[in-house]
Amino acid sequence: AELLGASFFSPAGVIDFSTAASPLPPPPAAMAALRAADVTRYPHPTARPLREAIAARHGVTPDEVVVGAGSVELVWALARAFGGAGRRVGWVAPAFGEYAQAARASGAETRAVAVDAACDLLFVARPGNPTLAVPAIDGARAALVVVDEAYQPLCDDVPPVAPNESVAVLRSLTKLFALPGLRLGYLVASRTVARAVQAALPPWNVSQPAMAAGLAALAGAVEAVRAAVARLRARLVERLAGLGVTPVAAGGSFVVVDVGDARRFADAMLARGVRVRDCASFGLPSLVRLGVRGDDDQVRLVEAWEGA
């Protein structure tokens, strides 16, 4: 369901506020690196060079890092490794639909649960998508808690979670650096968990261009990206206030607004050349999610809103 809001579904000329990747241009160094990558050679089968760079950033060993073609590939690998018949996989709702899809595909018993539910594998997004909720995981009783921090680096006030023997952390490089088409994410976990997840992945799952771009992007200044996104987010909130609209939540690279009938509103906005993310598939039929975008696009959003 989340994929229905993806930008590749937007007709030509439509401004896409449905995606919540960073609105900034990708780092020039990352773009140069991916273009220069040697695609005549196989990449390392487990993306070892990138794993080493990520490990250095997080103060762990490369054996505690797994890299995937987007964090969603790692969600599915986690479900294969720790789900399956006879096991229980849960997620804190509302949540990214791929948690449930991956868990069901594994054959596990699946359901939305509270943080303290007893299960074999629990997915918890911090911050939540689309609510931006930041659930505490101290009382979690799952054998393995996977904290999805896809949007955490873009948030001002959401502290990161430290991985341990029963807690693994997912990150997305493509949201942070505006490279969603590249597909690049990673997991930081104990050696035991990381080994099991790596075994659930095929070799060479991360291409040479993706690995090269990831290495270059990691050298960038995350703080500068976060600050620039915060400035654009503040201007979006101000423009919404001019329409008499107060967001239900605002943080990182998106804001959430109650519009009454989200599907009707999203259709009306699309007819005016702006795509917004209808949150009905999250079980929130009155909410829309607006990705933070640049000033010119925000002006177009306001113009379309006034006519919707």
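Residues numbered from 1 in each chain as written. Predicted model: local features only at pLDDT ≥ 70, side-chain atom pairs only at ≥ 80, totals over all residues. Heavy atoms only, no water.

Student: Can you walk me through the nonpolar core in this structure?
Tutor: A general trend in soluble globular proteins is that nonpolar side chains are found buried together. One finds Leu 78, Phe 123, Leu 144, Leu 187 and Val 197 to be the most contacted residues of the largest nonpolar core, which totals 29 residues. Only α3 (71-82), β3 (88-91), α4 (97-106), β5 (121-125), β6 (144-148), β7 (167-172) and α6 (191-199) provide two or more residues apiece to this core. No other element matches the 6 residues that α3 contributes to this core. Residue contacts for Phe 123: discarding those within four places in its chain leaves Val 75, Leu 78, Val 89, Gly 90, Trp 91, Val 92, Tyr 99 and Val 146. (Core = buried A, V, L, I, M, F, W, Y, C linked by side-chain atoms within 4.5 Å. Buried < 20%, exposed > 50% of the residue type's maximum accessible area, 1.4 Å probe, protein only. Helix = DSSP H or I, 4+ residues; strand = E, 2+ residues; numbered from the N terminus. Contact = heavy atoms within 4.5 Å.)

Student: Is there a simple way to think about the pairing of strand β13 (residues 287-291) in this case?
Tutor: Side chains on a regular strand alternate between the two faces of the sheet. Among the 5 residues that make up β13, 5 are buried, leaving the element largely enclosed by the rest of the structure. Residues Leu 287, Arg 289 and Gly 291 line one face of β13 and the alternating positions Val 288 and Leu 290 line the opposite face, and both faces are buried. Where strand β10 (residues 254-258) lies against β13, 5 bridges are found, and the strand directions are antiparallel. When the sheet's bridge partners are listed, Val 256 is paired in β13 with Arg 289. (Pairing = 2+ DSSP bridges.)

Student: So what exactly am I meant to see when it comes to the pattern of salt bridges here?
Tutor: Any two side chains of opposite charge can pair, given that their charged atoms come close. Using the criterion set out here, one finds 10 salt bridges in the structure. Arg 48 is paired through a salt bridge with Glu 52; the nearest N and O atoms lie 3.0 Å apart. A residue pair is termed a helical-turn pair when its members lie 3 or 4 positions apart in one helix, as Arg 48 and Glu 52 do in helix α2 (residues 48-58) at 4 residues. Overall, the relative accessible area of 29% leaves Arg 48 in the partly exposed class. A relative accessible area of 40% places Glu 52 in the partly exposed class. For Arg 263, the salt bridge is made with Asp 278, and the minimal N-O distance between the two is 3.4 Å. Within this pair, whereas Arg 263 is found in helix α9 (residues 262-271), its partner Asp 278 is found in strand β12 (residues 277-278), the two being separated by 15 residues in sequence. Judged by its relative accessible area of 53%, Arg 263 is exposed. Bridged by salt links that share partners, the residues Arg 48, Arg 51, Glu 52 and Asp 63 form one connected network. (Salt bridge = Lys/Arg side-chain N within 4 Å of Asp/Glu carboxyl O.)

Student: What's the story with the sheet that holds strand β2 (residues 65-68) in this structure? I'm lost.
Tutor: Hydrogen bonds between backbone groups are what pair the strands of a sheet, and the pairing can be parallel or antiparallel. Taking strand neighbours across the sheet as the criterion, the 7 strands line up as β2-β8-β7-β6-β5-β3-β4 in an open arrangement whose pairing is mixed. Two strands bound the open sheet, and with one partner strand each, they are β2 and β4 (109-112). Within the sheet, the average angular offset between the axes of one strand and its neighbour, ignoring direction, is 20°. Across 4 bridges, β7 lies against strand β8 (residues 185-188) in antiparallel orientation. Bridge pairing links Arg 171 to Tyr 186 in β8. Along the sheet, α6 contacts β2, β6 and β8; its crossing angle with β2, the most-contacted strand, is approximately 25°. (Axes fitted to C-alpha atoms, helices over the stretch in contact; angles between N-to-C directions.)

Student: Looking at this structure, how should I read the sheet that holds β12?
Tutor: Taking strand neighbours across the sheet as the criterion, the 4 strands line up as β9-β10-β13-β12 in an open arrangement whose pairing is antiparallel. With one partner strand each, in any of the chains shown, β9 (249-251) and β12 form the two edges of the open sheet.

Student: Honestly, the packing of α2 against helix α7 (residues 208-218) in this entry has me stumped. Any pointers?
Tutor: A pair of packed helices is characterised by two quantities: the angle between their axes and the separation of those axes. It is at 9 Å that the axes of α2 and α7 come closest, and there the two elements cross at 20°. Here α2 lies roughly parallel to α7, going by the angle between them. Crossing of α2 against α7: the hand is left-handed. Mapping the contact onto sequence places Pro 49, Leu 50, Ala 53, Ile 54 and Arg 57 in α2 and Met 211, Gly 214, Leu 215 and Leu 218 in α7. (Parallel < 35°, antiparallel > 145°, perpendicular 65-115°, else oblique. Left-handed = near helix turned anticlockwise from the far one by under 90°.)

Student: Would you mind showing me how to read the packing of aromatic side chains here?
Tutor: Here a ring pair, both rings aromatic, is described through the centre-centre distance and the interplanar angle of the planes. Applying the stated criterion across every chain yields a total of 5 aromatic pairs. Ring centres of Tyr 42 and Trp 204 lie 5.1 Å apart, and the angle between their planes is 45°; this geometry places the pair in the tilted category. With Tyr 42 in the loop between α1 (28-36) and α2 and Trp 204 in the loop between α6 and α7, the pair connects residues that are 162 residues apart, well separated along the chain. Relative accessible area serves as the criterion here: at 44%, Trp 204 is assigned to the partly exposed category. Taken together, the ring pairs in this structure connect Phe 96, Tyr 99 and Phe 123 into an aromatic cluster. Above the plane of the ring of Phe 17 lies Arg 293, whose end atom (NZ or CZ) is 5.8 Å from the centre. (Phe/Tyr/Trp six-rings, centres within 6.5 Å; stacked < 30°, edge-to-face > 60°. Lys NZ or Arg CZ within 6 Å of the ring centre and 35° of its normal.)

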